[in-house]
Amino acid sequence: MAKSSTVLTIAIIMLLLAFAPSIEGSPTGKGSASGGCTCHTAGGPAVTPNHNFPTSYTPGTIYNIQITIQGGVVGAQGGFALEVDKGAFSNNGPDVQFSPMTATHTNPSARSWSFDWMAPPPNSGAVSVKLATLTANGDNTNSNDAWGTTTHTINEISPNQAPNATNVQVFSSSTFSKT
């Protein structure tokens, strides 16, 4: 009885693993930027991920974001994976898809992408950005490609605060003597 229950347990685990979603990327994108593009072995020149996220944000403001790649292997194929911990994505440009806090490519035949990011509401604090970009040589394998990662922090711009007066004293005009 114990042997058949072990076999049944193993069969159920293997069946569940067969239906589990892939954690790594594919030609149509990758959900996480944290580890980079580790299924691709480096073989080319260094890759520098570029973006135009602001260094500070005004709450609720929409920013048009451009992702590009500098360096890497020769060719036109590439990809990106982006994670933010606050804010929201919208207006995905060609070849871009979103999950709630991530953005990635949908087509491996590009090396630049654009979309909008809306800054979070007031008092949300700093935003953490993680970006991985990949240049692929187009040989339909995962070797001799090149990738790089970067992180970025976007600080919140505090709204103007009303002045605060302390230790205020009020004098009447009769308090002052005329000379």
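Above this text sits the structure in question.
Calculation criteria
- Residues numbered from 1 in each chain as written.
- Predicted model: local features only at pLDDT ≥ 70, side-chain atom pairs only at ≥ 80, totals over all residues.
- Heavy atoms only, no water.
- Phe/Tyr/Trp six-rings, centres within 6.5 Å; stacked < 30°, edge-to-face > 60°.
- Helix = DSSP H or I, 4+ residues; strand = E, 2+ residues; numbered from the N terminus.
- Buried < 20%, exposed > 50% of the residue type's maximum accessible area, 1.4 Å probe, protein only.
- Pairing = 2+ DSSP bridges.
- Axes fitted to C-alpha atoms, helices over the stretch in contact; angles between N-to-C directions.

**Observations concerning the packing of aromatic side chains**
The tally for this structure, following the rule as stated, stands at 8 aromatic pairs. Ring geometry for Y57 against W117: centres 6.2 Å apart, planes inclined by 85°, an arrangement best described as edge-to-face. Within this pair, whereas Y57 is found in strand β2 (residues 56-57), its partner W117 is found in strand β8 (residues 112-118), the two being separated by 60 residues in sequence. When its relative accessible area of 0% is taken as the criterion, W117 is described as buried. Pairing F80 with W113 gives two aromatic rings, centres 4.9 Å apart and planes at 40°, and the pair type is tilted. In this pair, F80 is assigned in strand β4 (residues 77-84) and W113 in strand β8, connecting sequence segments 33 residues apart. Accessibility assignment for this pair places F80 and W113 in one class, buried. Among the aromatic residues, ring-to-ring pairing joins F80, F89, F98, W113 and F115 into one connected group.

**Details of the sheet that holds β8**
An order of β1-β3-β8-β5 is seen for the 4 strands of this open sheet, with the pairing classed as antiparallel. The open sheet has two edge strands with one neighbour each: β1 (47-51) and β5 (88-90). Across the sheet, the mean angle separating the axes of adjacent strands is 35° when strand polarity is ignored. Inspection of the sheet shows strand β3 (residues 62-71) paired to β8 by 7 bridges, in the antiparallel sense. Bridging across to β8, I65 finds its partner in F115.

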